[in-house]
Amino acid sequence: MKNQNQKSFIFDTELRLVILTGVRVHSLDELRGTLAKVPGASIFFHTHQEYLAHNFHKPVYYNDFAIWVSQTLREEALAEKLASIDLLAFTTIRELRDTVGHTIDEYLSGLGRPTYKCRPEEAFHFCRSKSFVMPTGIVAHDVPEFFAKLPLISNASLYFHFFEARLRLGRRTNDFSRWLKDQDRDDLAKAIDELNPYIRTLDELKQDIIRLGANEK
Amino acid sequence: MSASLEDYRRVVGSSSIDELVLLADRVRHRRLQHINSTSVGGGVAELLARMVPLFRDLGIETTWDVIKGDQAFFEVTKAFHNALHGGKVTITEDMFDVYRQTTSMNLGDMGASGDFIVVHDLQPAGLIAKKENSGGHWLWRCHIDVSTPDPTVWGFLKRYVDLYDASVFSMPEFAQKLSIPQFMVTPSIDPLADKNRDLPASQVTAVLERHGVDPERPIITQISRYDRLKDPIGVIRAYRLVRRRYDCQLILAGSGASDDPEGEQVLQEVREAAQGDPDIHVLLLPPFADLEVNALVRGSTIVMQKSLKEGFGLTVTEALWKRKPVIGGAVGGIKLQILNGVTGFLVHSAEGAANRAVELLGDKQLRESIGANGHQHVRENFLTTRSIRDYLLMMLATEHREKDITLLTESRK
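Source: prediction; values computed, not measured. (Residues numbered from 1 in each chain as written. Chains lettered and ligands numbered in written order. Predicted model: local features only at pLDDT ≥ 70, side-chain atom pairs only at ≥ 80, totals over all residues.)

Caption draft 1: Structural detail: the overall build of chain B. Helix and strand counts for chain B come out as 16 helices and 13 strands. In terms of overall dimensions, chain B is globule-like: its C-alpha atoms have a radius of gyration of 22 Å, near the 22 Å expected for 413 residues. With respect to the principal axes defined by its C-alpha atoms, chain B has extents near 70 × 55 × 35 Å. Here chain B holds 413 residues, and the buried ones make up 47% of them. (Helix = DSSP H or I, 4+ residues; strand = E, 2+ residues; numbered from the N terminus. Rg over C-alpha atoms; globule rule 2.2 N^0.38 Å. Buried ≥ 20, exposed ≤ 12 C-beta atoms within 10 Å, placed from the backbone.)

Caption draft 2: Examining the confidence of the model for chain B more closely. Mean pLDDT over chain B works out to 93, with 97% of the residues at or above the 70 mark. Predicted complex metrics record ipTM = 0.88 and pTM = 0.90. (pLDDT = per-residue confidence, 0-100.)

Caption draft 3: Representation of the domain arrangement of chain A within the structure. All names here are of chain A. Split by domain assignment, chain A resolves into domain 1 (2-14 + 131-212) and domain 2 (17-128). With centres defined by C-alpha atoms, the gap from domain 1 to domain 2 works out at 28 Å. Of all elements in the fold, only α8 (155-168) and α11 (202-212) reach the threshold of two or more residues within the side of domain 1 that touches domain 2. A total of seven residues in the side of domain 1 that touches domain 2 trace back to one element, the largest contributor, which is α8. Considered class by class, the residues forming the side of domain 1 that touches domain 2 number six nonpolar, four polar and four charged. (Domains from an automatic or database assignment. Nonpolar A, V, L, I, M, F, W, Y, C, P; charged D, E, K, R; others polar.)

Caption draft 4: Summary view of the interface of chain B and chain A. Counting residues at the interface gives 32 residues for chain B and 24 residues for chain A. In terms of residue count, the dominant contributor to the side of chain B that touches chain A is helix α16 (residues 384-399) of chain B (six residues). Its residues assigned to classes, the side of chain B that touches chain A comprises 17 nonpolar, eight polar and seven charged. Note: strand β1 (residues 9-25) of chain A against strand β6 (residues 182-184) of chain B, three bridges, orientation antiparallel. Each residue of the ladder has a partner; that of Leu-20 of chain A, found in β6 of chain B, is Gln-182 of chain B. (Contact = placed C-beta atoms within 7 Å. Pairing = 2+ DSSP bridges.)

Caption draft 5: Expanded view of the packing of helix α12 (residues 314-321) of chain B against helix α15 (residues 364-381) of chain B. All names here are of chain B. Axis separation between α12 and α15 bottoms out at 7 Å; the angle between their running directions is 120 degrees. As α12 runs across α15, the sense of the crossing is left-handed. Residues Thr-317, Leu-320 and Trp-321 of α12 lie in contact with α15, whose contacting residues are Gly-374, His-375, His-377 and Val-378. Considered class by class, the residues forming the contact of α12 with α15 number three nonpolar, four polar and no charged. (Axes fitted to C-alpha atoms, helices over the stretch in contact; angles between N-to-C directions. Left-handed = near helix turned anticlockwise from the far one by under 90°.)

Caption draft 6: Examining the sheet that holds strand β9 (residues 280-285) of chain B more closely. All names here are of chain B. Pairing in this open sheet of six strands is parallel, and the strands run β9-β8-β7-β10-β11-β12 from one edge to the other. Of all strands in the sheet, those with a lone pairing partner are β9 and β12 (344-347), marking the two edges. Here the average twist between neighbouring strands, direction ignored, is 20 degrees. Running at roughly 165 degrees to strand β11 (residues 326-329), α12 makes contact with β7 (219-223), β10 (302-305) and β11 of the sheet.

Caption draft 7: The arrangement of the domain arrangement of chain B in detail. All names here are of chain B. You can read the domains of chain B as domain 1 (5-188 + 383-399) and domain 2 (201-381). Each of domain 1 and domain 2 has a C-alpha centre, and these two points are 31 Å apart. Taken together, the contact pairs eight residues of domain 1 with eight residues of domain 2.

Caption draft 8: Geometry of the confidence of the model for chain A. Residues of chain A with pLDDT of at least 70 account for 97%, and the chain-wide mean is 90. Low pLDDT, under 50, characterises residues 1-5 of chain A; the stretch is placed with zero contacts to residues that sit more than four places away or in other chains.

Caption draft 9: Quick peek at the sheet that holds strand β2 (residues 62-66) of chain B. Ordered by their spatial adjacency, nine strands build an open sheet running β2(B)-β1(B)-β3(B)-β4(B)-β5(B)-β6(B)-β1(A)-β2(A)-β13(B), and the pairing between neighbours is mixed. Each end of this open sheet is capped by a strand with a single partner; those strands are β2 and β13 (405-407) of chain B. Going from strand to strand, the sheet's axes swing by 25 degrees on average, the running direction of each strand aside. Pairing of strand β1 (residues 32-36) of chain B with β2 of chain B, which is carried by five bridges, proceeds in the parallel orientation. Among the inter-strand pairings, Leu-32 of chain B is bridged to a residue of β2 of chain B, identified as Thr-62 of chain B. Packing of α8 of chain A onto the sheet brings it into contact with β1 and β2 (124-140) of chain A together with β13 of chain B, and relative to β1 of chain A it is tilted by some 70 degrees.

Caption draft 10: Summary view of the pairing of strand β8 (residues 249-255) of chain B. All names here are of chain B. Taken across its seven residues, β8 has six buried, putting it largely inside the fold. Bridge count between β7 and β8: five bridges; the pairing is parallel. Note on β8: the bridge partner recorded for Thr-221 is Ile-251. Following the backbone out of β7, through helix α9 (residues 232-243) and into the adjacent parallel β8, one traces a crossover that is right-handed. Where β8 lies against β9, six bridges are found, and the strand directions are parallel. Following the sheet pairing, Ser-255 is matched in β9 by Leu-285. (Right-handed = clockwise from strand over helix to strand, strands pointing away.)

Here it is in structure tokens:
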């Protein structure tokens, strides 16, 4: 029984509450200074929350810092640089925080003019989230069942197994690939690992994974 | 009659309800107590009347208590409320005394029986003094816009708020410097309430015709109280610009606020600006005209909310839910709801509003796709069931303070 459980894939889901930090910034300088002080959970939140926020369209930028820098500070070039930070390259929030900081530093050092300070009502407000992960009750005992049950899972579940598991829980890859590897399906594990979740909506990501397993059911 | 959890399943989808059941399983053994200042009238009472039965449906023992206060107390708390909103109000030391005296009386009268006690808004905030004896987790839920509060009133209130286990605000802009956690729960609308539920087309047409509006010609509508910050004159200007291209009608509808002397003056200005144009309909609706408002929005081609300042803007949420393309001022919570070009259009001027209205009136497909996105956005983020989920999460978060991500993946006891 125990062995069987170990082999099963338990689909979890993540439910998230937004926490306000009360920290707000009005300029690039303030943003840069504050980045180093806010909790890592804030950095994760502002680089990831857009993916879970809505599934019916792709925003211009998924990164909250890039959105604010573009829409409020009108520093388009920096917004593009922030949005192009490859989130797949990181397995810790610390590295991600450093890279966001260095990107702003580099931009500021070449700017040669004062930065804009926005009005109070346009400030960037740092938030973070507190998440709870729990089983959905959906379990797959083998690879065919795994792909058969994928259509049943919610976007929140997908989000957890892809984004949170890799970056916040430090599992290095997504949970699906880890489990498929344990099932001796390195081919599928690799194919799913190579899907970039940061350029897809969650609906698209799910469909792409289901497509990869089309022959397994 | 209150709607049940199963009634919502049909509207919000099974996965949202299943999620609530999963969460409720984790806190089902806890008692939840809500305390506010009135059982009828006002947004908070309306919200609790809907939410309390849903908590009970989820198996959570939930009670709702109301504090007592005389006219003097409610005049004081009204003044405090306006001051927290950033209004210019004269505050005296006597007013703080009135607040303290009524708080003392309620401390004697009211029992605190919940494992979680949610105190809504400023009127009952002083009940936190009960915590020492009653125990339990105490949360203070602030429903109002405190982005620019009067420092004296906020300073007074903050002494109470800091004693709670956590606070709850509606938007990031309302966050404060506090020693306790600040959760965010955005406002939500009830899809089954009279203001939002589906209506037969015949009822929509009947309401339009009763107000002399032609259902066959395009209609632009703004639903708002008569307040300069809602820019009704700007909406009339935008409408006149649109009229150069399209035959259309304008509805401005709102109820009069009895405690707002400026409202009467603004209504007069609006009527003067509309004079001579039979296609502008300035409607003063009675309070609780929810079905009427519902029908007016459903009968509209485009909805505007051209606010110059806004808290959250629930009229926008209500219009989006009805699949209407919304043109809104780029302020406050409207920016959370209108994803520019996706669920509506954000504008900064009457001209901008007119340009977008012309674009929408000329493109039925655009109106439909934006309307569909808006409906989806509200379904995912701004319905009552999401508020319920957030309350359940807050109960969990108050019990599991230590980690940003808590794995509840072990089997439950």
